[in-house]
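As a plain string of letters, each chain reads:
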Amino acid sequence: MNIFRLSGDVCHLVAIIILFLKIWRSKSCAGISGKSQVLFALVFTTRYLDLFTSFISVYNTIMKVVYLVLAYATVSFIYFRFRNSYDSEGDSFRVEFLLVPVAGLSFLENYAFTPLEILWTFSIYLESVAILPQLFMITKTGEAESITTHYLFFLGLYRTLYLANWVWRYHVEGFFDQIAVVSGVVQTIFYCDFFYLYFTRVLRGSGKMSLPMPV
């Protein structure tokens with residue numbers, strides 16, 4: 001554990017809590033992509049199957065359980081409790097275009113051809129693209145509430161800090177996880193445009209962030 005990884009974990013948790021509280025307090029999931037949240041729940045489910053097979057630390061176990069509980073609670077809010085506020089028409093990204101290639105790649109590129117390892121690899125690849133339905137939804141509607149953009153900002157910051165964590169581990173420990181690093185770089189790239197808009201518009205006090213409408 002180093003400061004970059006710990007900070008990344010904190011930012012990840014903050015992002016999830018921001019989204020959860022946004023939906024809970026407003027009793028609305030307007031502007032939130034249910035498809036992205038289902039994909040993230042699938043990411044956590046396939047990555048944390050080792051909860052039943054190995055113990056790393058109390059911190060590790062608690063964080064995994066919290067991620068899983070909050071992910072599924074958020075999905076239940078969107079599709080059940082507050083489903084009347086869910087914009088299913090705006091959330092129109094075709095997730096099969098993500099799931100099929102990711103599943104195929106996880107079978108072809110992994111560290112060991114075992115069920116747990118393939119599922120772990122699947123989770124890494126899927127996480128790198130799971131935010132696309134949310135970004136697509138924002139681009140399609142042309143704007144996003146500031147609370148939603150705060151959620152996206154902390155998610156992007158989490159990925160950026162994890163890149164720093166991998167650089168640190170490579171120089172200090174000689175550790176390099178090619179699958180995780182490449183997937184993390186791809187995911188961070190998706191946030192670059194968003195980071196610029198976040199700093200230039202949201203942090204200037206605007207209630208919503210307007211985005212270019214698709215042609």
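As named in an unreviewed UniProt entry, the chain is ER lumen protein-retaining receptor, taken from Carassius auratus. Recorded in UniProt under Sequence similarities (unreviewed entry), the annotation for the chain is "Belongs to the ERD2 family."

Participant: Looking at this model, I keep getting lost on the overall build of the chain. Mind explaining?
Facilitator: Each helix and strand in the chain was counted, giving 8 helices and 2 strands. Tracing the chain from N to C terminus, the helices and strands come up as α-α-α-α-α-α-β-α-α-β. Counting only residues that meet the buried cut, the chain has 46% of its 215 residues in that class. Considering only contacts in the chain between residues 6 or more positions apart, those separated by 24 or more positions represent 78%. Accessible surface, the chain: about 11,200 Å² in total, of which carbon and sulfur atoms supply 68%.

Participant: Explain empty space enclosed by the protein here, please?
Facilitator: To find leftover empty space, a probe the size of one water molecule is rolled over the atoms. For the structure on display, the rule yields 1 cavity of 30 Å³ or more. Within this model, the largest cavity holds a volume of roughly 90 Å³. What lines the largest cavity is His12, Ile16, Leu19, Gln37, Phe40, Phe44, Ala71, Tyr151 and Leu155. At the level of secondary structure, the elements contributing two or more residues to the lining of the largest cavity comprise α1 (3-26), α2 (34-47) and α7 (146-173). For the lining of the largest cavity, the residue count by class is 7 nonpolar, 2 polar and no charged.

Participant: Sorry if this is basic, but what is going on with unusual backbone geometry here?
Facilitator: Note: most residues except glycine have negative phi, and most peptide bonds are trans. Positive phi, normally seen in glycine, also occurs at Lys27, with a value near 55°. For Lys27, the location among the structural elements is in the loop between α1 and α2. Among the residues examined, Lys27 registers a relative accessible area of 52% and is labelled exposed.

Participant: How should I be thinking about the side chain of Asp91 in this particular structure?
Facilitator: By secondary structure assignment, the location of Asp91 is in the loop between α3 (58-81) and α4 (96-108). No salt bridge is formed by the buried Asp91; its nearest oppositely charged neighbour, Lys35, is found at 5.4 Å. At 2.5 Å, the side chain of Asp91 and the side chain of Tyr86 are in polar contact.

Parameters and conventions
- Within each chain, residues carry numbers counting from 1 in the order of the written sequence.
- Selection of residues for local features in this predicted model requires a pLDDT of at least 70, selection of side-chain atom pairs for listing and counting requires 80 or more, and totals for whole chains, interfaces and linings are taken over all residues.
- Water and hydrogen atoms play no part in the side-chain values, which are based on all heavy atoms of the structure.
- UniProt positions are given in the numbering used here, feature names are shortened, and annotations may be inferred rather than shown by experiment.
- Numbered from the N terminus, helices here are DSSP runs of H or I no shorter than four residues, and strands are runs of E no shorter than two.
- A simple rule labels every residue: compare its accessible area, found with a 1.4 Å probe on the protein chains alone, to the largest value its type can have, and call it buried under 20%, exposed over 50%, or partly exposed in between.
- Contact criterion: two residues are considered in contact whenever any of their non-hydrogen atoms come within 4.5 Å of each other.
- Where accessible areas are quoted, they stem from the Shrake-Rupley method and a 1.4 Å probe; at the residue level, only the protein chains shown are allowed to cover.
- Throughout, the protein atoms alone are placed on a 1 Å grid, and a set of points is a cavity if a 1.4 Å probe fits but cannot get out or a pocket if it is open with protein on both sides within 12 Å along at least five of seven lines; lining residues have an atom within 4 Å of a point.
- Grid points are joined across faces, edges and corners, and a volume is the space filled by probe spheres set on the points.
- Asp, Glu, Lys and Arg are counted as charged, while Ala, Val, Leu, Ile, Met, Phe, Trp, Tyr, Cys and Pro are counted as nonpolar; the rest, among them Gly, fall into the polar class.
- Here Asp and Glu are counted as negative and Lys and Arg as positive; His is not counted, and neither are the chain ends.
- Each reported salt bridge corresponds to a side-chain nitrogen of Lys or Arg within 4 Å of a carboxyl oxygen of Asp or Glu.
- Polar contact criterion, stated in full: a pair of N or O atoms within 3.5 Å, where within protein one must be able to donate a hydrogen and the other to accept it, and residues adjacent in sequence count only if both atoms are side-chain atoms.

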